[in-house]
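# Descriptive structure summary
The lines below spell out each chain.
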Amino acid sequence: MERIERIIEEINELRPVSEIGNRVTEITSNPNSSLTELVDVIKYDQGMTANLLRICNSTYFGLKKKIASIKQAVTYLGLNKVASLVVLGSSADNFKKAQAGYDLNEGELWRYSVSSALIAEDLAEKKRLKNISLIFTSALLKDIGKVILSAYVKDSFEDINKAVQNRGLTFIDAEKEVIGIDHAELGARVAEKWNFDSFMVDIIRNHHDPDKAPPDDLSIPIVYLADSICMMIGIGAGSDGLAYRYHQDIVDRLNFSDIDLQKTIASFWGKIKSVEELINLSKGD
Amino acid sequence: MINIIVGVADMKVSDDRGAILITHSLGSCIGVAIYDPVAKAGGLLHYMLPESSLDGIKAKKNPYMFGDTGIPLLFKEAYKLGVKKNRLQVIVVGGAQILDQKGLFNIGKRNYTLLRKMFWKNNVMTDFEDIGGNTNRTLKLEIESGQAWLKTGGMGVKKIWKE
């Protein structure tokens, strides 16, 4: 078997997003869906319900009232946010392990994924976008390709690193050149296999190439910018570091100034303790 | 040996001979280590953003988030341990950028520019610098010896030369 085919074959070894996660995403992507539909999907799964309530009651949301039911959670946090939290509470498995090729210790990829999803959600709320939970989920799962590619990056690290250091390639272009496929493309293949909405597949595929987004699209730029912010503050930056392309025109499309950038960084870090709590709760510790 | 972790937007000083100060994940942030070989004491700062005028409330709550409030405090706290300015060894690393990141959005460069201005104004010389590029860095300082190590993403660990 060709190497690329073998890599793609490994998608089958990942643990797919749960049935409930998929249903919830479907419900929120349909503008006509209702609160009751969402509650009905979740409430029969006791484990999921307990986990979701723990997450809703974490200090990150700072709710004064203790949330005791899914219905209450939707009332206080909204449909979109609860949907995002369902995916958050059921996606950690694939991300928890160390990824040696990217020099990420145990838990670091998950921490990175949750952080960039929270920042993307924050930016999407500021821009008043629809589909916020889909943006959150795409940002959360965008690096799923790294989980498979890590072993190959490790084997070929010297060649990848040389291409980056000596020829100024981005890390992702070097992955593609040396291995034959990059982590974003591989992630998009995973998303397709798991029957994700094409909107999410596009975000995952282009999260390092926002210039490929349609000219009026803001969701890919938002996920891209959230990822760039994480790199700058050192979250999830491993052996690939910050060796990705910066697209000022894409950031400009969001009407995002350098002060906005710094304020987003400061505000995210200001609540890092509650973010860490959310990260730990969501991975089931 | 005890590893004392200096988090992001954090600072620690120590004169504990058994301590190693260590800070991870320096992307666009800057790590500043200072050490006095006579007092055998030093400190390590990891700041994220250049100027505290961005958000006075946050700066008051955590002055180590910003260079202009964090750097003076690093020196002040180290002086309390008997550190003298004229004996200081100073290491500055970090300030990385995403490829093609320019102008005002280049936080790594702005972080470094701020430090250069402050050091120039206060007549502080640096003994070792590793700034910019696109890599992620980790900095370690051993209090007993003043030996420091720099780990650069993808390029392993190197000892930083000291007198």
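Residues numbered from 1 in each chain as written. Chains lettered and ligands numbered in written order. Predicted model: local features only at pLDDT ≥ 70, side-chain atom pairs only at ≥ 80, totals over all residues.

## A short note on the nonpolar core
Ala120, Ala226 and Ile233 of chain A together with Tyr47, Met48 and Met65 of chain B are the most contacted members of the largest nonpolar core, which has 141 residues in total. Counting the residues that make up this core, at least three belong to each of domain 1 (18–90) and domain 2 (94–282) of chain A. In this view, Tyr47 of chain B contacts Ala9, Cys29, Ile30, Tyr64, Met65, Phe66, Gly67 and Gly70 of chain B; residues no more than four positions away in its chain are not counted. (Core = buried A, V, L, I, M, F, W, Y, C linked by C-beta atoms within 7 Å. Buried ≥ 20, exposed ≤ 12 C-beta atoms within 10 Å, placed from the backbone. Domains from an automatic or database assignment. Contact = placed C-beta atoms within 7 Å.)

## Section: helix α12 (residues 183–193) of chain A
Residue and element names in this part refer to chain A. Counting buried positions along α12 gives nine out of eleven residues, so the element sits mostly inside the fold. The set of residues buried in α12 consists of His183, Ala184, Glu185, Leu186, Gly187, Ala188, Arg189, Val190 and Ala191. For α12, the secondary structure elements touched by its buried residues are α1 (3–9), α9 (144–155), α11 (171–179) and α13 (198–205). One or two positions beyond α12, positive phi appears at Asn195, with a value near 60°. (Helix = DSSP H or I, 4+ residues; strand = E, 2+ residues; numbered from the N terminus.)

## Overview of the domain arrangement of chain A
Residue and element names in this part refer to chain A. Structurally, chain A comprises domain 1 (18–90) and domain 2 (94–282). A straight line from the C-alpha centre of domain 1 to that of domain 2 covers 24 Å. Residue-level contacts link 15 residues of domain 1 with 17 residues of domain 2. Elements supplying a minimum of two residues to the side of domain 1 that touches domain 2: α2 (19–29), α4 (46–56) and α6 (79–89). Among the elements that take part in the side of domain 1 that touches domain 2, α6 stands out by supplying six residues, more than any other. Here the side of domain 1 that touches domain 2 is built from residues that sort into five nonpolar, nine polar and one charged. (Nonpolar A, V, L, I, M, F, W, Y, C, P; charged D, E, K, R; others polar.)

## Considering unusual backbone geometry
Notably, Asp103 of chain A is not glycine yet its phi reads approximately 55°, a positive angle. Of note, Asp103 of chain A is situated in the loop between α6 and α7 (108–126). Taking the C-beta count within 10 Å as the criterion, Asp103 of chain A has 21 such neighbours and is therefore assigned buried. With phi around 60°, Ala9 of chain B is a residue other than glycine that occupies positive phi space. Checked against the element boundaries, Ala9 of chain B lands in the loop between β1 (2–5) and β2 (10–14).

## Description of the sheet that holds β2 of chain B
Residue and element names in this part refer to chain B. Pairing is mixed in the open sheet, where five strands are placed in the order β2-β5-β4-β6-β7. If you trace the sheet from one side to the other, it starts and ends with β2 and β7 (128–131), each paired once. Between one strand and the next, the sheet's axes are offset by a mean angle of 10°, whatever the strand orientation. As paired elements, strand β4 (residues 30–36) and strand β6 (residues 89–94) share six bridges and run antiparallel to each other. Residue Gly31 lies in a different strand from β6, and its bridge partner there is Val93. (Pairing = 2+ DSSP bridges. Axes fitted to C-alpha atoms, helices over the stretch in contact; angles between N-to-C directions.)

## Observations regarding the environment of Ile67 of chain A
All names here are of chain A. Inspection of the secondary structure puts Ile67 in the loop between α4 and α5 (70–77). Sequence spacing of Ile67 and Leu14 is 53 residues, and the spatial spacing of their C-alpha atoms is 33 Å. Contacts of Ile67, omitting those with residues within four sequence positions, involve Leu53, Cys56, Asn57, Gln72, Ala73 and Tyr76.

## A short note on the sheet that holds strand β9 (residues 148–152) of chain B
All names here are of chain B. In spatial order, the strands read β1-β3-β8-β9-β10; together these five strands make up an open sheet with mixed pairing. At either end of the open sheet lies a strand with only one pairing partner, and these are β1 and β10 (156–160). Adjacent strand axes in the sheet meet at a mean angle of 25°, parallel and antiparallel pairs treated alike. Looking at chain direction, strand β8 (residues 137–142) and β9 are connected through five bridges and run antiparallel. The partner of Leu141 across the bridge, within β9, is Ala148.

## Structural notes on the pairing of strand β3 (residues 19–26) of chain B
Successive residues of a regular strand alternate their side chains across the two faces of the sheet. Residues and elements named next belong to chain B. Counted residue by residue, β3 has six buried out of eight residues, so it is predominantly covered. With four bridges joining them, β1 and β3 adopt parallel strand pairing. When the bridges of β3 are listed, Ile2 appears paired with Ala19. As paired strands, β3 and β8 are joined by five bridges and run antiparallel to one another. Looking at β8, one finds that Leu21 is bridged to Leu141.

## Some details on helix α17 (residues 272–282) of chain A
Residue and element names in this part refer to chain A. When α17 is considered as a whole, its buried residues turn out to be Val275, Leu278, Ile279, Leu281 and Ser282. For α17, the arc enclosing every buried residue in end-on projection is 165°, short of the 170-degree limit, so these residues lie on one face. If you follow the buried residues of α17, they end up packed against α4, α6 and α7. (Arc of directions from axis to C-beta.)

## Let's talk about the environment of Asn62 of chain B
On the secondary structure map, Asn62 of chain B appears in the loop between α1 (56–61) and α2 (67–79). Overall, Asn62 of chain B belongs to the buried group, with 20 C-beta atoms counted inside 10 Å.

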